[in-house]
Amino acid sequence: MEIFRFTRNAWGQETLEGISWDLLPVAFALGLAIIVGHLVWRALRGKGSVDRGQSPPSS
Amino acid sequence: MPPIRRDGDSPLITRHAPIDRVFHWITALAVLLLMASAFLPILGLKFSWVPLHWITGVVLTAAVLFHLVRASFFKRLKCMWIGTRDFRDASAGRRAAKYTLAQKLMHAAMGTAVLVATVTGVIMLAKVDTPLWKRDPYMLDGSTWGVVYVLHGAAALVILTLTMAHIYFSLLPEKRAYLRAMIGGKMTRAAAAEFHDPNRWSGQRKDDPRENHK
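Chains are numbered independently. Their residues run from 1 in the order of the written sequence. Chains and ligands are labelled sequentially in the order written, the chains with letters from A and the ligands with numbers from 1. Selection of residues for local features in this predicted model requires a pLDDT of at least 70, selection of side-chain atom pairs for listing and counting requires 80 or more, and totals for whole chains, interfaces and linings are taken over all residues.

Details of the overall build of chain A
Thought 1: The number of helices and strands found in chain A is 1 helix and 2 strands.
Thought 2: Numbering of helices and strands runs from the N terminus, with a helix taken as a DSSP run of H or I at least four residues long and a strand as a DSSP run of E at least two residues long. Of the regular secondary structure in chain A, the N- to C-terminal order runs β-β-α.

A few points about the interface of chain B and chain A
Thought 1: Contacts between the two partners involve 21 residues from chain B and, on the opposite side, 20 residues from chain A.
Thought 2: The set of elements that each furnish at least two residues to the side of chain B that touches chain A consists of helix H1 (18-42) and helix H5 (142-171) of chain B.
Thought 3: Looking at which element gives the most residues to the side of chain B that touches chain A, the answer is H5 of chain B, with 14 residues.
Thought 4: Three classes are used: nonpolar for Ala, Val, Leu, Ile, Met, Phe, Trp, Tyr, Cys and Pro, charged for Asp, Glu, Lys and Arg, and polar for all others, with Gly counted as polar. Of the residues that constitute the side of chain B that touches chain A, the class distribution is 15 nonpolar, 5 polar and 1 charged. Throughout, a pair of residues is in contact if the C-beta atoms placed from their backbones lie within 7 Å.

Observations regarding the confidence of the model for chain A
Thought 1: You can read pLDDT as the predictor saying how much it trusts each residue, on a scale of 0 to 100. The predicted model of chain A has a mean per-residue pLDDT of 84, with 78% of residues at 70 or higher.
Thought 2: Note on residues 55-59 of chain A: pLDDT under 50 across the span, and 16 contacts to partners over four residues away in sequence or across chains.

Regarding the nonpolar core
Residue and element names in this part refer to chain B.
Thought 1: We call a set of buried Ala, Val, Leu, Ile, Met, Phe, Trp, Tyr and Cys residues a nonpolar core when their C-beta atoms link them within 7 Å. Burial is judged by counting the other C-beta atoms within 10 Å of a residue's own C-beta: 20 or more makes it buried, 12 or fewer makes it exposed, and any count in between marks it as partly exposed, with every C-beta position built from the backbone. Counting 18 residues, the largest nonpolar core has Leu-60, Ala-113, Ala-117, Ala-156 and Ile-159 as its most contacted members.
Thought 2: For this core, the elements supplying multiple residues, two or more each, are H1, helix H2 (49-73), helix H4 (101-124) and H5.
Thought 3: At 7 residues, H5 tops the list of elements feeding residues into this core.
Thought 4: Leaving out residues up to four positions away in the same chain, Leu-60 has contacts with Thr-27, Ala-30, Val-31, Leu-34 and Thr-118.
Thought 5: Ile-13, Ala-181, Met-187 and Ala-191 belong to the second-largest nonpolar core, a separate cluster that totals 7 residues.

Points about the packing of H2 of chain B against H4 of chain B
Residue and element names in this part refer to chain B.
Thought 1: Helix axes are fitted only over the stretch in contact, all axes being lines through C-alpha atoms; the angle between N-to-C directions runs from 0 to 180 degrees. At a closest axis distance of 10 Å, the pairing of H2 and H4 adopts a crossing angle of 125°. The orientation of H2 relative to H4 falls into the category oblique. The interaxial crossing formed by H2 with H4 has left-handed handedness. Judged by residue contacts, Gly-57, Leu-60, Thr-61 and Val-64 of H2 engage Val-114, Leu-115, Thr-118, Gly-121 and Val-122 from H4.
Thought 2: The residue inventory of the contact of H2 with H4, partitioned by class, reads 5 nonpolar, 4 polar and no charged. Any angle from 65 to 115 degrees is called roughly perpendicular, while one under 35 is roughly parallel, one over 145 is roughly antiparallel, and all others are oblique. Working rule for handedness: look at the near helix, and if it is turned counterclockwise from the far one by less than a right angle, call the crossing left-handed; if clockwise, right-handed.

Points about the packing of H4 of chain B against H5 of chain B
Helix packing for two helices is described by the angle between their axes and how far apart those axes are.
Residues and elements named next belong to chain B.
Thought 1: It is the contact of H4 with H5, at a shortest axis distance of 8 Å, that shows an interaxial angle of 145°. Pair H4 / H5 crosses with left-handed handedness. Every residue of H5 that contacts H4 at Met-106, Ala-109, Met-110, Ala-113, Val-114, Val-116, Ala-117, Thr-120, Gly-121, Ile-123 and Met-124 is listed here: Val-148, Leu-151, His-152, Ala-155, Ala-156, Val-158, Ile-159, Leu-162 and His-166.
Thought 2: Class assignment for the residues of the contact of H4 with H5 results in 16 nonpolar, 4 polar and no charged.

Okay, here's the thing in structure tokens:
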């Protein structure tokens, strides 16, 4: 997976063109990981508070 | 954490002024349009994305400038500042003032990413022919353009991740009062007291000495 995109200018020199769009799915996966991670943490926290005889988080 | 009470007979307090809500939703729409016009062509959906992207970018830039002026001169910057007290309060389970640590961190991260995307986007407008100006791709040399494009792309990817998280958290049932407040401006005193210390954020106007008190 590339981090950057490169191109060649009129003189044949390699120049930086931008960030690699290989990272687009990574950014999406990171967002998804935050959501799933929080959902799991939230579910475990709710289960823990029920085990301790407390009210689960309202949802 | 005690369950959220949704007592409808609680007095309502103001969380967001109408102008701030208009700013938020204009920014939200602009960011969604910018992400769609940037990422959909990469994913294979071909359309003439450049006009939509730069025009929406100009709208977002105007909104960001408006917010910077309003936040700097007409609101209390301190209420969004992240200090050691925020971390101490969060770790001790104490309630926050107007904004929780998580809200401040999200604002700082999203604000930084949008600022980077906006500044680099304004520079990149030099590469677009519009009715208002002619393109000048030689304003910067090739390698400098590369750095500008990298920063713009990196900021866009960060905004994608943060937007997903922001929308998810705004839809959580226990945070629904914040979403309602961003739509209607108000929240019940009881819902506010769940996460905010009434002695540090009263929900009154900013000339109230208790408002945003650290």
